[in-house]
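Okay, here's what each chain looks like letter by letter:
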Amino acid sequence: MANDRIRELEEQIFALTAELHELRRQEPGEAVDDYTFATVDGERSLSDLFGDKSQLLMIHNMGQGCRYCTLWADGFNGLLPHLESALAVVLVSKDDPELQRRFANSRGWRFRLASHGGGAYMREQVAEAEFDNMPGAAVYEKSDGRILRKNSCVFGPGDLYCSQWNLLALAGLSEAQWTPQFSYWQRPRQLDDGGANLPD
């Protein structure tokens, strides 16, 4: 029966995910530069962003023009207190700090923010193959006076890092059938306030 196959695949995915996590735990990491970022509070180095933690999760966001990046960040925002109990968390993008903060405020995001401005960090830590600005994440670790890139991932529709795809799949909807939007408000046919001065 189809349900038996679904259960079988779920068990395989669970086992493979556990194996993946164990392999990531064993990764020794690779030394990286102490990159510089712009923030609303001034220039900060990668080492500064750790705060009092030994590990740092950098969420690679393409900027306020990406609906998918906004979807992932909306989801991570709800997990932020849990994540920050274990490691430092910073959302980084090419947008300037003021634009980052305005957009974050509009979404209710509570992340610490930093801008790489499209510079060395983006070229060396974010770019993938033919893409110069990829959404994803990287975890850095301080060890013996060095900063190590411990693990990283790339985000994409249908990935492991956004629960939206799995929940839609329960309804039979694929990532090709749904695209995230910045807002889902639809103009009513009749507005009780008269409808003057609505944005286009």
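Here, every reference points to the structure presented above.
Report on the accompanying structure. Nothing here was measured: the structure is a model prediction, and the numbers come from that model.

It is worth spelling out empty space enclosed by the protein at this point. Regions of empty space are outlined by a rolling probe, equal in size to a water molecule, passed over the atoms. The final tally for this structure, using the stated rule, is 3 cavities of 30 Å³ or more. The computed volume of the largest cavity comes to approximately 60 Å³. Considering the residues around the largest cavity, the lining is formed by His60, Gln125, Val126, Glu128, Met134, Pro135, Gly136, Ala137, Arg149, Ser152, Cys153 and Val154. Of all the secondary-structure elements, those providing two or more residues to the lining of the largest cavity are α4 (120-126), β7 (136-143) and β8 (146-154). By residue number, the principal contributor to the lining of the largest cavity is β8, which donates 4 residues. Each residue belonging to the lining of the largest cavity can be placed in one class, and the counts come to 6 nonpolar, 4 polar and 2 charged. In terms of lining residues, the second largest cavity is bounded by Asn61, Gln64, Leu91, Ser93, Asp95, Gln100, Phe103, Ala104, Trp109 and Leu113. Secondary structure elements with two or more residues in the lining of the second largest cavity: β5 (88-93) and α3 (97-107).

Right, let's get into unusual backbone geometry. Even without a glycine there, the phi angle at Asp144 is positive, about 55°. Looking at the element boundaries, Asp144 is found in the loop between β7 and β8.

What follows covers the nonpolar core. The biggest cluster of nonpolar side chains holds 23 residues, and the ones touching the most others in it are Leu57, Ile59, Leu91, Trp109, Phe111 and Phe155. Those elements that place two or more of their residues in this core are β4 (55-60), α2 (67-84), β5, α3, β7 and α5 (163-170). The leading source of residues in this core is α2, at 5 residues. Those residues in contact with Ile59 that lie beyond four places of it in its chain are Phe76, Val89, Val90, Leu91, Val92, Phe111, Gly136, Ala137 and Phe155.

With respect to the element layout, Arg149 can be found in strand β8. Here Ser152 takes part through its side chain, which lies 2.9 Å from a polar atom of the side chain of Arg149. If we skip the residues at most four places from it in the chain, Arg149 touches Gly29, Glu30, Val32, Gln125, Ala138, Val139 and Tyr140.

How each quantity is defined
- Position numbers for residues start from 1 in each chain and track the written sequence from start to end.
- For a predicted model such as this one, the threshold for reporting local features is a pLDDT of at least 70, and the threshold for listing and counting side-chain atom pairs is 80 or more; totals across whole chains, interfaces and linings nevertheless cover every residue.
- Hydrogen atoms and water are omitted, and side-chain values are computed over all heavy atoms in the structure.
- The rule is simple: put a 1 Å grid over the protein atoms alone, call a set of points where a 1.4 Å probe fits but cannot get out a cavity, call an open set with protein on both sides within 12 Å along at least five of seven lines a pocket, and count a residue as lining if it has an atom within 4 Å of a point.
- Grid points are joined across faces, edges and corners, and a volume is the space filled by probe spheres set on the points.
- Strands are runs of DSSP state E lasting at least 2 residues, helices are runs of H or I lasting at least 4, and numbering of each runs from the N terminus.
- Note that Gly is not counted as nonpolar here; it falls among the polar residues with everything else outside the nonpolar set of Ala, Val, Leu, Ile, Met, Phe, Trp, Tyr, Cys and Pro and the charged set of Asp, Glu, Lys and Arg.
- Throughout, nonpolar core names a set of buried Ala, Val, Leu, Ile, Met, Phe, Trp, Tyr and Cys residues whose side chains join them through atoms within 4.5 Å.
- To sort residues, take the accessible area from a 1.4 Å probe on protein chains only and compare it with the maximum for the residue type: under 20% means buried, over 50% means exposed, and anything in between is partly exposed.
- Here, residues are in contact when the closest pair of their heavy atoms is within 4.5 Å.
- Polar contacts, as used here, are pairs of N or O atoms within 3.5 Å; protein pairs need one atom able to donate a hydrogen and one able to accept it. Residues neighboring in sequence count only if both atoms are side-chain atoms.

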